Amino acid sequence: MNDRTNTHDDEPTTGAMDLAEYTDILGEIEEQAPWRMNADKEMDYVDGNQLDSELLQRQQAVGIPPAIEDLMGPAIRALTGYEESTRTDWRVSPDGGPDGQDVADAMNYQLKQAEKQSHADTACGAAFRPQAAVGVGWVEVGKESDPFLYPYRCTSVHRNEIHWDMQGNLNDPLLDKSRWLRRSRWLRPERIEAAFPKHKQLIRLCGRHGSQWWGDQTALAAMDGGGSTGLQNAWNNTRGWTIEESRWYDPTRKELCLVEMWYRRWEQTAVLTAPDGRVVEFDEDNQAHLYAVTTGVSKVTMATIARVRMGYWLGPHCLHDGPSPYPHRYFPYVPFFAFREDRTAVPYGYARSMIYQQDSINSGTAKLRWGMGVVRTERTKGAVAMSDAQFRQMIARPDADIVLDQAHMGMPGATFKVHRDFQLNDQQFKLIQDSRQAIERVSVITSGFQGKSGTATSGVQEQTQVDQTNQSLGTLMGNFRMARARVGEILMALIVADWGSKQQTVTIQSPDGVTPDRVIELNKPEMDPATGIQYLSNDLLRTMLKVGLDEVPSNSTYRGQQLAAMSESVKSLPPQYQAAVLPFMVSLMDVPYKREVVEAIRAASSQESPEAVEKRIKDEVQKALVQAGHELKARELDMKERVSDAQIKQMMAQAVQTGVSAAFAAIQTGEKIALNPAIAPVGDVILQNAGYQRPDPIGIDPNMPTPETPMQVDQAGGMAGDTSPTTPQSPELPQTAAVGANGGIETLRAD
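Residues numbered from 1 in each chain as written. Predicted model: local features only at pLDDT ≥ 70, side-chain atom pairs only at ≥ 80, totals over all residues. Heavy atoms only, no water.

*Asks:* Break down the overall build of the protein chain for me, with residues and values.
*Replies:* If you tally the helices and strands in the protein chain, you get 23 helices and 20 strands. Among the 751 residues that make up the protein chain, the fraction classed as buried is 34%. Residue pairs in contact within the protein chain that sit at least 24 positions apart in sequence constitute 69% of those at least 6 positions apart. (Helix = DSSP H or I, 4+ residues; strand = E, 2+ residues; numbered from the N terminus. Buried < 20%, exposed > 50% of the residue type's maximum accessible area, 1.4 Å probe, protein only. Contact = heavy atoms within 4.5 Å.)

*Asks:* Run through helix α2 (residues 36-46), naming residues and quoting values.
*Replies:* All buried positions along α2 are accounted for by R36, A39, E42, M43, Y45 and V46. Those residues of α2 hidden inside the fold are in contact with α4 (72-85), α6 (120-134), β4 (162-164) and α12 (351-373). Where α2 ends, the next residue or the one after it, G48, has phi of about 100°, a positive value.

*Asks:* Explain the nonpolar core to me, and be specific about the residues and the numbers.
*Replies:* Buried together is how nonpolar side chains tend to be arranged in soluble globular proteins. Judged by nonpolar contacts, the single largest core of 84 residues is most densely connected at L79, M107, W138, W164, L181, F336 and V487. Per-element accounting of this core gives the leading share, twelve residues, to helix α17 (residues 474-499). M17, W248, Y249 and L314 belong to the second-largest nonpolar core, a separate cluster that totals 23 residues. (Core = buried A, V, L, I, M, F, W, Y, C linked by side-chain atoms within 4.5 Å.)

*Asks:* Could you give me a rundown of unusual backbone geometry, with the residues and numbers involved?
*Replies:* A negative phi angle characterises most non-glycine residues, just as the trans form characterises most peptide bonds. Of note, the phi angle at H119 is positive, near 60°, even though the residue is not glycine. With respect to the element layout, H119 can be found in the loop between α5 (101-117) and α6. The exposure class of H119 is exposed, given its relative accessible area of 52%. Not every positive phi belongs to a glycine, and A345 is a case in point at roughly 60°. Its place among the elements puts A345 in the loop between β12 (339-340) and β13 (347-348). Note on A345: relative accessible area 4%, which makes it buried.

*Asks:* Talk me through the confidence of the model for the protein chain; I want residue IDs and the actual numbers.
*Replies:* Looking at the protein chain, the pLDDT average stands at 78 and 78% of residues meet or exceed 70. With pLDDT under 50 throughout, residues 1-8 is counted as low confidence; its partners more than four residues away or in other chains account for 18 contacts. (pLDDT = per-residue confidence, 0-100.)

*Asks:* Now, about the sheet that holds strand β11 (residues 333-337): what can you tell me, with residues and values included?
*Replies:* In space, the three strands of this open sheet follow the order β3-β2-β11, with antiparallel pairing throughout. Either end of the sheet is taken by a strand with one partner, and the two such strands are β3 (152-157) and β11. Along the sheet, successive strands turn relative to each other by an average axial angle of 20°, direction set aside. Bridge count between strand β2 (residues 136-143) and β3: six bridges; the pairing is antiparallel. Opposite W138, over in β3, you have V157 as the bridge partner. Contacts from α6 reach β2, β3 and β11, with the element oriented near 155° to β2. Against the sheet, α17 contacts β2, β3 and β11, and its axis sits at roughly 170° relative to β11. (Pairing = 2+ DSSP bridges. Axes fitted to C-alpha atoms, helices over the stretch in contact; angles between N-to-C directions.)

*Asks:* Tell me about the packing of aromatic side chains, and please be specific about residues and values.
*Replies:* With the rule as written, the count across this model stands at 13 aromatic pairs. Their ring planes at 45° and their centres at 5.6 Å tell us that F336 and F480 sit as a pair that is tilted. In this pair, F336 sits in strand β11 while F480 sits in helix α17, placing the two residues 144 residues apart along the sequence. Its guanidinium or amino end placed over the ring of F391, R379 lies 4.4 Å from that ring's centre, counting from NZ or CZ. (Phe/Tyr/Trp six-rings, centres within 6.5 Å; stacked < 30°, edge-to-face > 60°. Lys NZ or Arg CZ within 6 Å of the ring centre and 35° of its normal.)

*Asks:* Give a description of the side chain of Q357 that names residues and reports values.
*Replies:* Secondary-structure assignment places Q357 in helix α12. In this structure Q357 touches S435, A438 and I439, once residues within four positions along its chain are discounted.

Have a look at this one:
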């Protein structure tokens, strides 16, 4: 055990990490429970390397042939295939209500693009294999330093490169509360010099001489002649450091171990809680924060938070130390844990329980093969004319040619017998079969799950076994999904930090041609018409987002299953419904030009069939006829209206003419009676015989004007026997207007 003690126990640890604290962490790593050697052995078994050199030598010594029946590798490969077939995409959703749905949709589209470009799926898949086999895998999520590559990267990291704080983090599967995380990489000195040009001289000397670089005369001359302060401190650190040189310097390959140290510092700070639940660190120089506090909209509280820092160490030399360059509060290395021990938090996977059964199968198969070809001999000394070594080598051959010693065999009691009586019995066969089935029992990865013929005798039983395997993988797959969601969360945090408050236009292109394209503008400056205050619509930094996983996979296998199920359902639908569902079925197909195919189907569906065209023509003709009938009716009504007006005028003219004629006849009658009163009684009798009835009520007096001086009438109008009331007759209508103007119209005659 290491007896190093932390020199910082009596005072709080803040700021940069010094050499003493770094040395304490290295001592803590040495005291961790050993598990990496067993993990390496388990991964060798998964890779098919199941016979070590010592075992092969012992088998060769006794003549047992090596035999490997790899069952662990296919089982783990079945798990990795299951993970890929059930892999789902990331889904970004608003965490503060539906108001941020547009921002979430834009970030969801951008995150899916980053998922492809940063090879996140490949990295997570590579981490899942050691996770399932030995219990842990790692994925790094960071920014790419090469400007010619995609700005974000996701890469898998080997488990032996990373050490982490294993004290009390059994309930911390994502290391959110761990104190430190260390990654070490062996690199050439020139590669490290390019990354840290300020320490170029120190790195070059360490690459040449390791921890003894301070004995180099060139370095001593540089220090005597006014060397840099950094190099002088490095010389002191090297002389006083007790960690073995082999931990960070390889004299054979001249490589140095560069350590990337991530650690947390806890401190008290004031935080501001917004009404929507968003929490930010309180800034006294921010006018918005001060206004929110003074108006009572937000509240300031003190909280203990962890700040992430990072440093680079080359042996005892600190090349850099400062705050985390990333905006999030996590380590950039995401762990993928399968299972962990209760007391030590050591990770382990399915390979641990499969090794013994794999050894049993390999050894049993080798012994059976050896036993089936082995030969047992009985002979007296000197029975063969060759040495014992030559005899054993010759007798093991199927075409052995043994030369006996004639003189010896002629002696009494001489014997030579060859026995080939080894037979495979049922117990030995059952033992091997039981070892094969035991691997399935201890790993819950059945033959049906691997696509092989197992113990199931029906399709239902085989499906039941596969479902049971899926159920037993719940813990493993749940931990994988949680870690994969963290990878997406960190990747989204990097995208949000790069975009910030800059105005961005995101065009969401439809991948299937069914949903329309969308254009979303983020951080768009706008003016509030009520208050006149400028604000940002779809503010990216103020929208709370969370990253989850879709409920359904997005791989081609699952889409094919959906297409098959939908095809069976659509078969029984009417033709018009089948045409409506066809674009959605095409969206599930893995065909090129999917979007163009959907658009062509929709364009073709919009074209009318011959029956529809004929029906439309009939409808148009009927509509035209109806419209024509309406027009004729309207014209007829218009003509009838004009005729009615003419008839009304005619009736009015006739009424006037009748009135004038009646008045004229009355005047004529009065004139006759006035000149010849004796005709009045005769007229009464004539009217009475004609059925005349006195009107009731009687008419009114027209009060016709009379001349002031009566005119003398020479002769009364009308002749005897003339019964016409208008005798004498009215003059005929004039032939022309001139005649009428000169002669008058219907004027009285002179008589």
